[in-house]
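# Structural description and commentary
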Amino acid sequence: MTAQPAAERRRDAERTKAEILEVAQREFARRGYTGARVDEIAELMRTTKRMIYYYYGSKEQLYIAVLEKAYTEVRSVERMVDVAHLAPVDAIRTLAELTFDHHDAHREFIKLVAIENIHHAEHIRKSVVLANLGTPALDLIERILDAGLASGDFVTEADAIDVHMMISSFCVFRVANQHTFGALFGRDMTAPEHRARLRRMVGEMVVAYLRGAGSPA
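To keep things clear, this report deals only with the structure shown in the data block. Just so you know, these numbers come straight off a predicted model, no measurement behind them.

### Here we look at the overall build of the protein
- Along its length, the protein carries eleven helices and zero strands.
- The order of α-helices and β-strands along the protein, N terminus first, is α-α-α-α-α-α-α-α-α-α-α.
- When the backbone C-alpha atoms are referred to their principal axes, the protein occupies close to 80 × 45 × 30 Å.
- With 217 residues in all, the protein has 40% of them scored as buried.
- Residue pairs in contact within the protein that sit at least 24 positions apart in sequence constitute 71% of those at least 6 positions apart.
- Accessible area of the protein: about 12,700 Å², with a carbon and sulfur share of 54%.

### A look at the packing of aromatic side chains
- Tallied over the entire structure, the rule returns seven aromatic pairs.
- Between Tyr71 and Phe109, the aromatic rings sit 5.1 Å apart at their centres with planes inclined by 80°, giving edge-to-face as the arrangement. Residue Tyr71 is located in helix 4 (residues 59–80), and its partner Phe109 is located in helix 6 (residues 107–118); the two are separated by 38 residues in the primary sequence. For the pair formed by Tyr71 and Phe109, the shared burial category is buried.
- With centroids separated by 5.9 Å and ring planes inclined at 85°, the aromatic side chains of Phe173 and Phe181 adopt a geometry described as edge-to-face.

### Some remarks on the nonpolar core
- Within the largest apolar cluster, 27 residues are counted, with the highest numbers of intra-cluster contacts made by Phe28, Ile41, Ile52, Leu62, Tyr63 and Leu112.
- Only helix 1 (6–35), helix 2 (38–44), helix 3 (49–56), helix 4 and helix 6 provide two or more residues apiece to this core.
- The element best represented in this core is helix 4, accounting for eight residues.
- Counting residues in hydrophobic clusters, the runner-up holds 25 residues, among them Phe154, Ala158, Ala160 and Cys171.

### As for unusual backbone geometry
- Despite not being glycine, His120 has its phi angle at roughly 55°, a positive value.
- Topologically, His120 is positioned in the loop between helix 6 and helix 7 (128–131).
- Relative accessible area serves as the criterion here: at 64%, His120 is assigned to the exposed category.
- Phi is positive for Ala121, which is not a glycine, with a value near 60°.
- Secondary-structure assignment places Ala121 in the loop between helix 6 and helix 7.

Basis of the calculations
- Residues numbered from 1 in each chain as written.
- Predicted model: local features only at pLDDT ≥ 70, side-chain atom pairs only at ≥ 80, totals over all residues.
- Heavy atoms only, no water.
- Helix = DSSP H or I, 4+ residues; strand = E, 2+ residues; numbered from the N terminus.
- Buried < 20%, exposed > 50% of the residue type's maximum accessible area, 1.4 Å probe, protein only.
- Contact = heavy atoms within 4.5 Å.
- Areas by Shrake-Rupley, 256 points an atom, 1.4 Å probe, with all protein chains shown as cover.
- Phe/Tyr/Trp six-rings, centres within 6.5 Å; stacked < 30°, edge-to-face > 60°.
- Core = buried A, V, L, I, M, F, W, Y, C linked by side-chain atoms within 4.5 Å.

Okay, here's the thing in structure tokens:
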């Protein structure tokens, strides 16, 4: 019997680890860190707990790996956003709208963030990967704000973190609170008929703030 080449074994291992993370992400997003069970994750992907522990060591390490994967994907998207060719107003509006699109398309990520906040970010704090991941969105916002102040398009001397929070809070709330909001007000914020209006709203909201809406005369 011919031994499997080392390169092929590595590819098989990487493929198995990726499959584990994909299933684990769904289960952690659906059941939370406490509710998700490694044996059920193993059953869903037709493997064994032993195999999962071989690659990830423990349930906590598996969960941290899921968080690392999710945040790394977000940061990768942030690095690909190209608004350098746009005027400051169009750039910040476009960034807000693209953030809306990304959150809308990655609802499991929002669930994971909510779950990790319940745990006071204790698992994120244990990740060296996340500690060194950086925040491309903040760098981009900072450049847009500086350009807007220099051109006179913006009058508010805003903090990049505040603007990032402003955009993210709108986009996250729409997904994270869809069920309670729907029960209380009878409106599904994620329904297709509301999407274009809300996407436009987040962009105009940020632009209005940076242009001085609400500032003392």
